[in-house]
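What the coordinates show
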Amino acid sequence: MPRGRYSLHDPHDHTPLGEEHFNCAPGPSGWRYVSQITTPSGPGPGNHPRQGAATGSVDLTLDDLGRPIRLELHAASWQVRGAALDGVTWVRTDPTGTHATEGNVRAHAFTGTSPAFLVATSRLLRLTPASPPTRVRLVAFTDPVLAPLTVDQSWALIRSEAHATDNGPLTVDEYQVSALDTGERHTVHITGDVVLAAPGIELEDLETPPSVFT
């Protein structure tokens with residue numbers, strides 16, 4: 001069960017946005033990822049990072065095909081619960097808890113700032129280096145109030161390379177992701193169910209090796 005910590009920052013000016021403390025693992029239903037998002041940590045005793053205050057959480061479960069069968073997000077007192085149903089369907093609750101709005105879009109899955117969504121999209125598409133660029137429609141929940149936004153992306157697996165480690169070979173997949181509305185492109189590196197690097201995301205600590213999907 002991989003367990004670790006990502007640092008999150010603005011991809012344009014690199015302003016620290018927080019940290020995401022996560023654990024994830026394949027399971028009977030497919031794959032589950034659970035995390036707590038905190039404010040950026042400062043130095044603690046012995047120069048070890050001190051965990052910041054909690055600001056949100058992510059709980060995502062995929063089925064064997066990579067479809068989101070359960071999503072729960074919390075941020076700034078807002079909450080979203082969603083799943084793949086007639087496309088994707090969700091309920092978003094306001095901070096007071098007295099009102100809720102429902103949404104449904106003919107999309108393939110969800111996305112957002114959490115690295116979990118990059119792993120989830122790669123599992124859904126299951127690309128190979130020989131695959132052509134593949135278009136995918138996603139519903140993004142944007143910070144800080146989890147507002148829904150439908151986005152179209154193109155994903156291509158550029159290369160898969162095996163790297164020797166103390167725990168055996170580690171395959172790193174390099175994806176090129178393009179936003180179809182702006183043409184902006186960026187690179188995402190994933191190994192198993194862990195994101196090594198992506199715009200706004202850095203893997204800072206990993207206690208156990210990534211899971212290997214079959």
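Counting of residues starts from 1 at the beginning of each chain's written sequence and follows it residue by residue. Local features in this predicted model are restricted to residues of pLDDT 70 or higher, and side-chain atom pairs are both shown and tallied only at a pLDDT of 80 or more, whereas totals for entire chains, interfaces and linings draw on every residue. Water and hydrogen atoms were dropped before computing side-chain values, which therefore reflect all heavy atoms in the structure.

1. Observations regarding a negative patch on the surface
On the surface, E202, E204, D205 and E207 cluster together into a patch of negative charge. Examined against the element boundaries, E202 turns out to sit in strand 17 (residues 201-206). Any residue under 20% of the maximum accessible area for its type is buried, any over 50% is exposed, and the rest in between are partly exposed; the area is computed with a 1.4 Å probe on protein chains only. For E202, a relative accessible area of 34% corresponds to the partly exposed category. Excluding any residue in a salt bridge, patches collect residues exceeding 30% relative accessible area, merging like charges within 9 Å and nonpolar Val, Leu, Ile, Met, Phe, Trp and Tyr side chains within 5 Å. Only the protein chains shown count as cover for residues, and the accessible areas themselves come from Shrake-Rupley with a 1.4 Å probe. Within this document, salt bridges are pairs made up of a side-chain nitrogen of Lys or Arg and a carboxyl oxygen of Asp or Glu, the two lying within 4 Å of each other. Here the positive residues are Lys and Arg and the negative ones are Asp and Glu; neither His nor the chain ends is included. Where a charge sits is defined by one atom per residue type, namely NZ (Lys), CZ (Arg), CG (Asp) or CD (Glu). Put simply, DSSP H or I for four residues or longer makes a helix, DSSP E for two residues or longer makes a strand, and each gets a number counted from the N terminus.

2. Concerning the pairing of strand 9 (residues 88-93)
Strand pairing follows a simple DSSP-based rule, namely that at least 2 bridges must link the two strands. Two strands pair when backbone bridges link them, and strand 8 (residues 78-84) and strand 9 are joined in this way by 6 bridges, in the antiparallel orientation. The residue of strand 9 that forms the bridge with A83 is T89. As judged from the 6 bridges shared by strand 9 and strand 10 (residues 100-105), these two strands associate in the antiparallel manner. Residue pairing across strands places T93 opposite A100, the latter belonging to strand 10. Where strand 9 folds back onto strand 10 in an antiparallel hairpin, the turn is made up of 6 residues, including G97, whose phi is positive at roughly 80 degrees.

3. Remarks on the packing of aromatic side chains
The aromatic pairing rule takes the rings of Phe, Tyr and Trp, using the six-membered ring of Trp, and pairs them if the centres are within 6.5 Å, calling planes under 30 degrees apart stacked, those over 60 edge-to-face and the rest tilted. Going through the model one piece at a time under the given rule, you end up with 6 aromatic pairs. An angle of 65 degrees between the planes, with centres 5.3 Å apart, marks the rings of W155 and Y175 as edge-to-face. On the criterion of sequence distance, the pair formed by W155 in strand 13 (residues 147-163) and Y175 in strand 14 (residues 170-179) is long-range, its members being 20 residues apart. No difference in accessibility class separates W155 from Y175, as the two residues are buried. Joined through ring pairs, the aromatic side chains of Y6, F22, W31 and Y33 make up one cluster.

4. Some remarks on the environment of T214
With respect to the element layout, T214 can be found in the segment after strand 17. Relative accessible area serves as the criterion here: at 92%, T214 is assigned to the exposed category. For the pair T214 and G192, spaced 22 residues apart in sequence, the C-alpha to C-alpha distance is 9.7 Å. Residues count as neighbours in contact if any of their non-hydrogen atoms are within 4.5 Å of one another. Ignoring anything within four residues of it in the chain, the contact list for T214 reads R123 and R126.

5. Quick look at the pairing of strand 12 (residues 134-142)
Two faces belong to every sheet, and in a regular strand the side chains alternate between them. Here strand 11 (residues 109-111) pairs with strand 12 via 3 bridges, running parallel. Counterpart to F110 in the pairing with strand 12 is V139. Here 9 bridges tie strand 12 to strand 13, and the two strands are oriented antiparallel to one another. Bridge pairing links R137 to D152 in strand 13. As consecutive antiparallel partners, strand 12 and strand 13 are separated by 4 residues, and within that stretch L146 has a phi angle of approximately 55 degrees, a positive value.

6. As for the pattern of salt bridges
Overall, the coordinates contain 9 salt bridges when judged by the stated rule. A salt bridge links R5 to E19; its shortest N-O distance comes to 3.2 Å. You can see R5 sitting in strand 1 (residues 3-9) and its partner E19 sitting in strand 2 (residues 16-27), a full 14 residues away along the chain. Owing to a relative accessible area of 7%, E19 belongs among the buried residues under this scheme. In this structure, a network of salt bridges that share partners links the residues R32, D59, R70, E72 and R81.

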